[in-house]
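Below are the chains, spelled out letter by letter.
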Amino acid sequence: MKVSIITVCFNSMTTIRDTIESVLKQDYNDIEYIIIDGKSNDMTLSIINEYNISKVVSETDLGLYDAMNKGIKLATGEIIGILNSDDLYNSSDIITLIVNHFQSDVDLDILYSDLVYVSKNNTNKIIRKWASKSYYPTFFENANVPPHPTVFLRNNVYKIAGLFNTNYIFASDYDFLLRIAKKYKVEFLDLPLLRFRINGRNYLDDYNLTGREKEEEKI
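Residues numbered from 1 in each chain as written. Predicted model: local features only at pLDDT ≥ 70, side-chain atom pairs only at ≥ 80, totals over all residues. Heavy atoms only, no water.

Enquirer: Outline the overall build of the chain, supporting the account with residue identities and numerical values.
Expert: Counting secondary structure elements, the chain contains seven helices and nine strands. Oriented by its inertia axes, the alpha-carbon framework of the chain measures out at about 45 × 40 × 35 Å. A burial count over the chain gives 54% of its 219 residues as buried. For the chain, contacts bridging at least 24 residues in sequence account for 73% of all contacts bridging at least 6. Total accessible area computed for the chain in this model is approximately 10,300 Å², and 49% of it derives from carbon and sulfur atoms. One finds the centroid of the 24 positive side-chain charges in the chain at a distance of 2 Å from the centroid of its 30 negative side-chain charges. (Helix = DSSP H or I, 4+ residues; strand = E, 2+ residues; numbered from the N terminus. Buried < 20%, exposed > 50% of the residue type's maximum accessible area, 1.4 Å probe, protein only. Contact = heavy atoms within 4.5 Å. Areas by Shrake-Rupley, 256 points an atom, 1.4 Å probe, with all protein chains shown as cover. Lys, Arg positive; Asp, Glu negative; His and termini not counted. Charge placed at Lys NZ, Arg CZ, Asp CG, Glu CD.)

Next up, the structure:
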């Protein structure tokens, strides 16, 4: 079972190496790693080119979700995950764990988990945790939301449900999850699969957001 991991980045030279290495160090062999760079003008692309990445695109785009859509269109894996350019997987067996869950349930379409927020300068220092809940019919109505960086989907979900709506500058991931959650089988994995860097380099930093807006988008 091939897994496609997509990383979208822009001027992410201070964090992209950690992100890349957390993917390349996974003990699962069949990973297609796709990086969509928004035409960075720092050393980001040079760092990316140091590694053997499955597919790299560097060109201007219309924003974060447009770049994610580009990656999804390129993905050939049966399972797709999106890893931000300042985040990293919590251990080297994360993708193996994900694949085992999908293989054990052929009807499973969407899998999500917990994550931990870590220090910008020390990703081993946990600042706080995002403890999710198991999905249920009124999950969103009760103000719950899966942490999008932990969400893995079957590729077929994107093909049927469509991609991210780029009209939503800040919340297209939330809109997408609202569109699909009640139509597909969802499972919650009660483990922190991801380290989410607090105050890390955010793709949206160069979209003229205020400090408060950046923090809200990051969280």
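Having seen it, we continue.
Enquirer: Talk me through the side chain of Arg195; I want residue IDs and the actual numbers.
Expert: One can find Arg195 in strand β9 (residues 186-197). Here Arg195 sits buried without a salt bridge, and the closest side chain of opposite charge, Asp18, lies 8.6 Å off (N-O distance). Within polar-contact distance, the side chain of Arg195 engages the backbone oxygen of Thr123 at 3.2 Å. Side-chain polar atoms of Arg195 contact the side chain of Asn124, separated by 2.9 Å. (Salt bridge = Lys/Arg side-chain N within 4 Å of Asp/Glu carboxyl O. Polar contact = N/O pair within 3.5 Å; in protein donor to acceptor, adjacent residues only side chain to side chain.)

Enquirer: Give me the environment of Ser113: which residues, what numbers.
Expert: By the element assignment, Ser113 lies in strand β6 (residues 110-118). The sequence separation of Ser113 and Tyr135 amounts to 22 residues, and the corresponding C-alpha distance is 11 Å. Other than its neighbours up to four places away in sequence, Ser113 contacts Ser132, Pro147, Thr150, Phe188, Leu189, Leu191 and Leu193.

Enquirer: Residue-level account of the packing of aromatic side chains, with values.
Expert: Scanning the model with the defined rule gives 13 aromatic pairs in all. Each ring, one from Tyr112 and one from Phe188, has its centre 5.2 Å from the other, and the planes form 35°; the classification is tilted. Within this pair, whereas Tyr112 is found in strand β6, its partner Phe188 is found in strand β9, the two being separated by 76 residues in sequence. A single burial state applies to Tyr112 and to Phe188, both of which are buried. Centroid distance Tyr117 to Phe196: 5.2 Å. Interplanar angle 70°. Geometry classified as edge-to-face. Of the two residues, Tyr117 is situated in strand β6 and Phe196 in strand β9; the sequence distance between them amounts to 79 residues. Residue Tyr117 is classed as buried on the basis of its relative accessible area of 2%. Grouped by ring-pair contacts, the aromatic residues Tyr112, Tyr135, Tyr136, Phe139, Phe140, Tyr174 and Phe188 constitute a single cluster. The ring of Tyr117 carries Arg128 above its face, with NZ or CZ at 4.0 Å from the centroid. (Phe/Tyr/Trp six-rings, centres within 6.5 Å; stacked < 30°, edge-to-face > 60°. Lys NZ or Arg CZ within 6 Å of the ring centre and 35° of its normal.)

Enquirer: Before we move on, could you go through the pairing of strand β1 (residues 3-9) and cite the residues and values that matter?
Expert: Buried residues dominate β1, accounting for seven of its seven residues. Note: β1 against strand β2 (residues 31-37), seven bridges, orientation parallel. Its bridge partner lying in β2, Val3 is registered against Ile31. Read from β1 through helix α1 (residues 16-24) to β2, the crossover connection turns out right-handed. In this structure, β1 lies alongside strand β4 (residues 79-82), joined through four bridges in parallel fashion. Looking at the pairing, Ile6 lines up with Ile82 of β4. (Pairing = 2+ DSSP bridges. Right-handed = clockwise from strand over helix to strand, strands pointing away.)

Enquirer: Mind laying out unusual backbone geometry, listing which residues take part and the relevant values?
Expert: You will see that Asn11, though not glycine, has its phi angle at about 50°, which is positive. With respect to the helices, strands and loops of the structure, Asn11 is situated in the loop between β1 and α1. The buried category is assigned to Asn11, whose relative accessible area is 11%.

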